[in-house]
Amino acid sequence: MYVSKLVMEIAPNIHLLGVFTIAFTVVYRKKALYPIYLYVMLNGIFCGFSLWWIPYLYIWTVLWGVVMLLPKKLPKKAAPVIYMTVCALHGFLFGTLYAPAQAILFGLNFNSMVAWILAGLPWDFIHGISNFFCGILIVPIISAIRLAEKSEQLRS
């Protein structure tokens with residue numbers, strides 16, 4: 001997850017983090033929190049444990065939680081669209097999810113927090129659209145992980 005973020009940093013708000021979060025959650029369920037928080041910790045270690053990092057402690061868990069609420073077995077034709085839509089919604093709402101921490105950390109009142117959200121909408125729009133299209137990779141990644149897991153089980 002972290003390496004994919006580094007590779008894609010040339011394009012702001014375009015990354016595969018939501019894709020990996022959803023794929024890992026579908027396959028590993030509760031254990032998906034391990035790679036999610038490994039990513040969060042690596043982000044802090046290499047980019048600095050600063051105030052911007054604090055919302056990362058919960059922002060990816062929100063996406064994980066939404067995916068956990070989805071049925072374990074979605075219809076084959078619906079799954080890609082559902083996963084892509086959830087991924088896109090997380091991108092569209094990223095600034096809104098980030099805002100409560102910003103408000104607390106920087107003493108923003110409600111109106112200031114809303115202004116902060118509104119100022120970030122162009123970035124959230126890019127984030128949501130890119131998450132939707134990157135979401136095309138979710139089902140193939142799920143299949144690849146399951147195939148790797150099956151192969152590993154056969155070797156054991």
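Residues numbered from 1 in each chain as written. Predicted model: local features only at pLDDT ≥ 70, side-chain atom pairs only at ≥ 80, totals over all residues. Heavy atoms only, no water.

### A few points about the overall build of the protein
Inclusion rule: For helices the rule is a DSSP run of H or I covering at least 4 residues; for strands it is a run of E covering at least 2, with both sets numbered from the N terminus onward. Throughout, the radius of gyration refers to the C-alpha atoms, and the reference size of a globule is 2.2 Å times the residue count to the power 0.38.
On a plain count of helices and strands, the protein comes out with nine helices and zero strands. Listing each helix as α and each strand as β along the protein from the N terminus yields α-α-α-α-α-α-α-α-α. Its C-alpha atoms give the protein a radius of gyration of 16 Å, near enough to 15 Å, the size a compact globule of 156 residues would have. Referenced to the eigenvectors of the C-alpha coordinate spread, the extents of the protein come out at roughly 55 × 35 × 30 Å.

### Some words on the pattern of salt bridges
Let me state the cut-off plainly: What counts as a salt bridge is simple: a side-chain nitrogen of Lys or Arg found within 4 Å of a carboxyl oxygen of Asp or Glu.
Here the structure, examined in full by the defined rule, presents two salt bridges. A salt bridge links Lys5 to Glu9, with the shortest nitrogen-to-oxygen separation between them at 2.7 Å.

### Concerning the layout of surface pockets
Defined as follows: Computed over the protein atoms alone on a 1 Å grid, cavities are sets of points where a 1.4 Å probe fits but cannot get out and pockets are open sets with protein on both sides within 12 Å along at least five of seven lines; a residue lines them when it has an atom within 4 Å of a point. Grid points are joined across faces, edges and corners, and a volume is the space filled by probe spheres set on the points. Residues are grouped as follows: Ala, Val, Leu, Ile, Met, Phe, Trp, Tyr, Cys and Pro are nonpolar; Asp, Glu, Lys and Arg are charged; every other residue, Gly included, is polar.
Quantified by volume, the largest pocket comes out at close to 340 Å³. Along its surface, the largest pocket is lined by 13 residues, and Val26, Lys72, Tyr83, Ile142 and Arg146 are the ones closest to its centre. Listed by contribution, the elements that provide at least two residues to the lining of the largest pocket are helix H5 (78–92) and helix H9 (138–155). Looking at the lining of the largest pocket, the element that brings in the most residues is H9, giving four residues. By residue class, the composition of the lining of the largest pocket is seven nonpolar, one polar and five charged. In this model, the second largest pocket occupies a volume close to 260 Å³.

### A short note on helix H6 (residues 94–106)
Basically, it comes down to this: Each helix should span, by expectation, one fewer than its residue count multiplied by 1.5 Å. A residue's bend is the angle separating two fitted axes: one through the seven residues that end there, the other through the seven that start there. Note on classification: 1.4 Å probe, protein chains only; a residue is buried when its accessible area is under 20% of the maximum for its type, exposed when over 50%, partly exposed between these limits. Only heavy atoms enter the contact rule, under which two residues are in contact if any of them lie within 4.5 Å.
Its 13 residues place the ends of H6 18 Å apart at the C-alpha level, agreeing with the 18 Å of an ideal helix rising 1.5 Å per residue. Taking the largest bend as the criterion, H6 deviates by roughly 30°, centred on Pro100. By the burial criterion, the buried members of H6 are Phe94, Gly95, Tyr98, Ala99, Ala101, Gln102 and Ala103. The inward-facing, buried residues of H6 contact helix H4 (56–69), H5, helix H7 (110–119) and helix H8 (121–134). One or two residues past the end of H6 sits Gly107, with phi positive at roughly 65°.

### Let's talk about the nonpolar core
As a reminder, the rule being used: The nonpolar core is taken to be a set of buried Ala, Val, Leu, Ile, Met, Phe, Trp, Tyr and Cys residues, with the residues joined through side-chain atoms within 4.5 Å.
Judged by nonpolar contacts, the single largest core of 35 residues is most densely connected at Ile22, Tyr39, Trp60 and Tyr83. Mapped onto this core, the elements with two or more residues apiece are helix H2 (17–28), helix H3 (33–47), H4, H5, H6 and H9. A per-element tally of this core places H2 first, with eight residues. Other than its neighbours up to four places away in sequence, Ile22 contacts Leu63, Val67, Tyr83, Val86, Cys87 and Ile138.

The quantities given are spatial measurements derived from coordinates; they are silent on function.
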